[in-house]
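# Overview (structure and organization)
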Amino acid sequence: MRKDAWVSILFCFCFVGGIAAAQKPSTGSENILYIRCDTLIDGKSEAPRKDVVIGITGDKIDLVGAAAFTSNMRVINLPGHTCLPGLIDTHTHVLLQGDITAADYDVQLLKQSPEYRTILATVNARRALEYGFTAIRDVETEGAGYADVDLRNAINRGVVPGPRMEVATRALDVTGAYPLLGYAPNVAVPHGVQVVDGPDDARRAVREQIMYGADWIKVYSDRSYRVRSDGVLDDIPTFTMEELRAVVDEAHRERHKVASHAMALNGVHNSVEAGVDSIEHGNYIADADLKAMVSNGIYYVPTIFVGEYVAQGRAAEGARVWPQMLKIHEGTFRRALKAGVKIAFGTDAGGFAWTENPAKEFGYMVRWGMTPAQAIRSATSVASELMEMQEKIGSIEAGKYADIVAVPGDPLADITVLEKVNFVMKNGVVYKHP
Ligand SMILES: [Zn+2]
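This text gives an overview of the structure that appears in the document. (Residues numbered from 1 in each chain as written. Predicted model: local features only at pLDDT ≥ 70, side-chain atom pairs only at ≥ 80, totals over all residues. Heavy atoms only, no water.)

### A word on the pairing of strand β7 (residues 164-167)
In β7, alternate side chains face the same way, and those of R164 and E166 on one face and M165 and V167 on the other are all buried. Here four bridges tie strand β6 (residues 133-138) to β7, and the two strands are oriented parallel to one another. For A135, the partnering residue across the bridge sits in β7 and is R164. With helix α4 (residues 147-156) bridging β6 and its parallel neighbour β7, the resulting β-α-β unit is right-handed. (Buried < 20%, exposed > 50% of the residue type's maximum accessible area, 1.4 Å probe, protein only. Helix = DSSP H or I, 4+ residues; strand = E, 2+ residues; numbered from the N terminus. Pairing = 2+ DSSP bridges. Right-handed = clockwise from strand over helix to strand, strands pointing away.)

If you want it as structure tokens, here you go:
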């Protein structure tokens, strides 16, 4: 980690310089920066465009099309590359370093201080940006309090490099439902969530989290998974309907949205009934609930790759349901796609180590039935709508923030080239160049 920390510090100085340069007022065409792309996938259209120039002034895109070049113009040439909007991961945990087993999780909460975990989170934020993710929705800190708010603010103020962040702070669950669990009753241990019981307590926690900077409210709606004889993934719902409704009502009343961890039958059903804004994981979703998600505009964030990543490790620990869940998940994903549910790209990075590229998720989405163009939109325009940032990011068009990535080759022919992002611009500042 020591080596990584030094890289981070060096990077930080470049970054601050970059921001200063990018924010100079524009006085003429010499202040426009041009990117020449062999191919452009703009995040919205079905078809790519050839030989496109993107003009950038300060932190915004101000032209997409063609330009006549003169010798005094600032141009970044990306021959052989496809340009895309900066990628968006709508389910991350920058405060987590992978938790295949319960021990992996417990050790982070018991042996690492929140301050140390925050230092690791700054490294993860830089990694996310270098993988090509220029925006993330980070859905809870797993026992590290409000450290995500501080990281979001530090990135916005140019202190450390990282993606744009929406954060969910501590998340909510009920007594006895979320780690750390299994310790003696006389031993006080930290919890990965804010524990709430009863609708008034839930409402108070929502108010508290918003007061301290939460953009989203995250709830854990189910636990204890098992496959029924008819193949349905069953669970124990954590909250009562009264509690879940109180959370959603309070968050919405304060103009905030609710993300619900719901992997199986009852957790998903109760979340949909209560009116949450996104279903996280959704390994099994009943057809009736998929229909309700379409009519109520509830997003599905499937997080496929993490399921495979943790399956064998968790089975070895005795939780044999995890490998079985993959097939069930594939069936749900295909039914959701067919039903027309809005599917936003999300990976659960942090649930797997940040040294793994979260862009591996794209390959799974395509293998399970999406077209490459659909998978790309799920991580660009669709994800920006989930985050209510569609006016600012999620596509390459004039007026949007200059969040642009490029890959060598054609992601429509081979989706895995998205694991090879080698050009990253966020806010008009270049962080990575081939
Ligand atoms: Zn998660």
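Still to come is the rest of the account.
### Re the environment of Y131
Residue placement: Y131 occurs in helix α3 (residues 114-131). Residue contacts for Y131: discarding those within four places in its chain leaves W354, T355, E356, N357, P358 and V421. At 2.6 Å, the side chain of Y131 forms a polar contact with the backbone oxygen of W354. At a separation of 3.2 Å, a polar atom in the side chain of Y131 contacts the main-chain carbonyl oxygen of T355. (Contact = heavy atoms within 4.5 Å. Polar contact = N/O pair within 3.5 Å; in protein donor to acceptor, adjacent residues only side chain to side chain.)

### Observations concerning the pattern of salt bridges
Considering all chains together, one arrives at 23 salt bridges under this definition. R164 is paired through a salt bridge with D403; the nearest N and O atoms lie 2.7 Å apart. A residue pair is termed long-range when its members are at least 10 positions apart, and R164 in strand β7 and D403 in the loop between α13 (381-386) and β16 (404-408) qualify at 239 residues. Per residue, the accessibility class of R164 equals that of D403, and both read buried. (Salt bridge = Lys/Arg side-chain N within 4 Å of Asp/Glu carboxyl O.)

### Thoughts on unusual backbone geometry
Trans is the prevailing form of peptide bonds, just as negative phi is the prevailing case for residues other than glycine. Looking along the chain, the bond that leaves P179 and enters L180 is cis, with omega of 5 degrees. The residue L180 is located in the loop between β8 (172-173) and β9 (194-195) in this model. The backbone phi angle of D51 is positive, close to 45 degrees, even though this residue is not glycine. Following the sequence through the fold, D51 ends up in strand β2 (residues 49-57). A positive phi is found at A171, a non-glycine position, where the angle reads about 65 degrees. When its relative accessible area of 0% is taken as the criterion, A171 is described as buried.

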